[in-house]
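Chain residues, written in single-letter form:
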Amino acid sequence: MERTFIMVKPDGVQRGLIGEIVSRFERKGFKLVAGKVMIISRKQAEFHYAEHSEKPFFGELVDFITSGPVFAMVWEGDDIISLSRLMIGKTKVADAQPGTIRGDYASHTNFNLVHGSDSPESAAREIGNMFEESDAVQFERAIEPWI
């Protein structure tokens, strides 16, 4: 069983796509382990995008991801990192295939709706950056009556 970090970015939240995105992962058979609507701090955003810190678009990434609420999630399932990346689609919207989240809903590469971890190491780092251990426990208690 593998875990990954998935985030509906501010443009996806603003467009009301949280439910659609969550339902795609649920229909695939993955388990939602934790989720919360949050405003990402500048410090969290800079850590999240640290691998891009020397690139000219780093400031734009940080500004965008902190511009409004996101829906941060932890998902669990077999091969979830590679499968979720396929479900999300290519970063460049013009390359995102129909049937993927970005292929179906994104209209601009700078506003590509969703983020998914690209490796187990990234998933661990991103989950640790956005969630505390108590978040998952609280989430499990909250949804327990419905599972």
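Chains are numbered independently. Their residues run from 1 in the order of the written sequence. Reporting of local features is limited, given that this is a predicted model, to residues whose pLDDT is at least 70; pairs of side-chain atoms are given and counted only at 80 or more, and all residues count toward the totals for whole chains, interfaces and linings. To get the side-chain values, take all heavy atoms of the structure and skip hydrogens and water.

(A) Examining the overall build of the chain more closely. The number of helices and strands found in the chain is eight helices and four strands. Numbered from the N terminus, helices here are DSSP runs of H or I no shorter than four residues, and strands are runs of E no shorter than two. Reading the secondary structure of the chain in the N-to-C direction produces β-α-α-β-α-α-β-α-α-β-α-α. A total of 147 residues make up the chain; the buried ones form 47% of that total. Put simply, of all contacts in the chain between residues at least 6 apart along the chain, 78% involve residues at least 24 apart. The protein chains shown are the only cover counted for residues, whose accessible areas, like all others here, come from Shrake-Rupley with a 1.4 Å probe. Only carbon and sulfur atoms are counted for the fraction: they give 53% of the accessible area of the chain, which is about 8,100 Å². To sort residues, take the accessible area from a 1.4 Å probe on protein chains only and compare it with the maximum for the residue type: under 20% means buried, over 50% means exposed, and anything in between is partly exposed. Working rule for contacts: check all heavy atoms of both residues, and any pair within 4.5 Å makes them a contact.

(B) Layout of the nonpolar core. The criterion is simple. A nonpolar core is a set of buried Ala, Val, Leu, Ile, Met, Phe, Trp, Tyr and Cys residues joined through side-chain atoms within 4.5 Å. Ile6, Ile21, Phe25, Met73, Trp75 and Val114 are the most contacted members of the largest nonpolar core, which totals 22 residues. Looking at this core, the elements that each hand over two or more residues are β1 (2–8), α2 (18–28), β3 (70–77) and α5 (80–88). For this core, the element with the highest residue contribution is α5, accounting for four residues. When near neighbours in sequence (up to four residues on either side) are disregarded, Ile21 contacts Val8, Ile101 and Val114.

(C) Structural context of the pairing of β3. Here β3 lies mainly inside the structure; eight of its eight residues are buried. Here β3 shows no split at all, with Val70, Ala72, Val74 and Glu76 on one side and Phe71, Met73, Trp75 and Gly77 on the other all buried. Paired strands are those between which DSSP finds at least two bridges. Bridge analysis of β1 against β3 gives seven bridges, and the strand direction is antiparallel. Bridge pairing in β3 places Glu2 opposite Gly77. In the sheet, strand β2 (residues 31–38) pairs with β3 via seven bridges, with the strands oriented antiparallel. When the bridges of β3 are listed, Lys31 appears paired with Glu76.

(D) Layout of the sheet that holds β2. With antiparallel pairing, the four strands of this open sheet are ordered in space as β2-β3-β1-β4. Single-partner strands in this sheet number two, and they are β2 and β4 (114–116). In this sheet, neighbouring strand axes are inclined to one another by 15° on average, regardless of whether the strands run parallel or antiparallel. In terms of strand pairing, β1 meets β4 through three bridges, oriented antiparallel. Working convention: axes come from line fits to C-alpha atoms, limited for helices to the stretch in contact. Angles between N-to-C directions cover 0 to 180 degrees.

(E) Layout of the side chain of Asp11. Within the secondary structure, Asp11 sits in helix α1 (residues 10–14). Neither His nor the chain ends contribute to the count of charged residues, in which Lys and Arg are positive and Asp and Glu negative. Between Lys or Arg on one side and Asp or Glu on the other, a salt bridge is scored when a side-chain nitrogen of the former is within 4 Å of a carboxyl oxygen of the latter. The side chain of Asp11 is buried and forms no salt bridge, while Arg15, the nearest opposite charge, is found at 5.5 Å. Looking at Asp11, its side chain comes within polar contact range of the main-chain nitrogen of Leu113, at 3.0 Å. In contact with Asp11, not counting residues within four places along its chain, are Phe64, Phe111, Asn112 and Leu113. In protein, a polar contact means a hydrogen-donor-capable atom and an acceptor-capable atom, both N or O and within 3.5 Å, with residues adjacent in sequence counting only if both atoms are side-chain atoms; elsewhere, any N or O pair within 3.5 Å suffices.

(F) Highlighting unusual backbone geometry. Phi is positive for Asp79, which is not a glycine, with a value near 55°. Checked against the element boundaries, Asp79 lands in the loop between β3 and α5. The phi torsion at Leu113 lies on the positive side, around 70°, for a residue other than glycine. With respect to the helices, strands and loops of the structure, Leu113 is situated in the loop between α6 (101–105) and β4.

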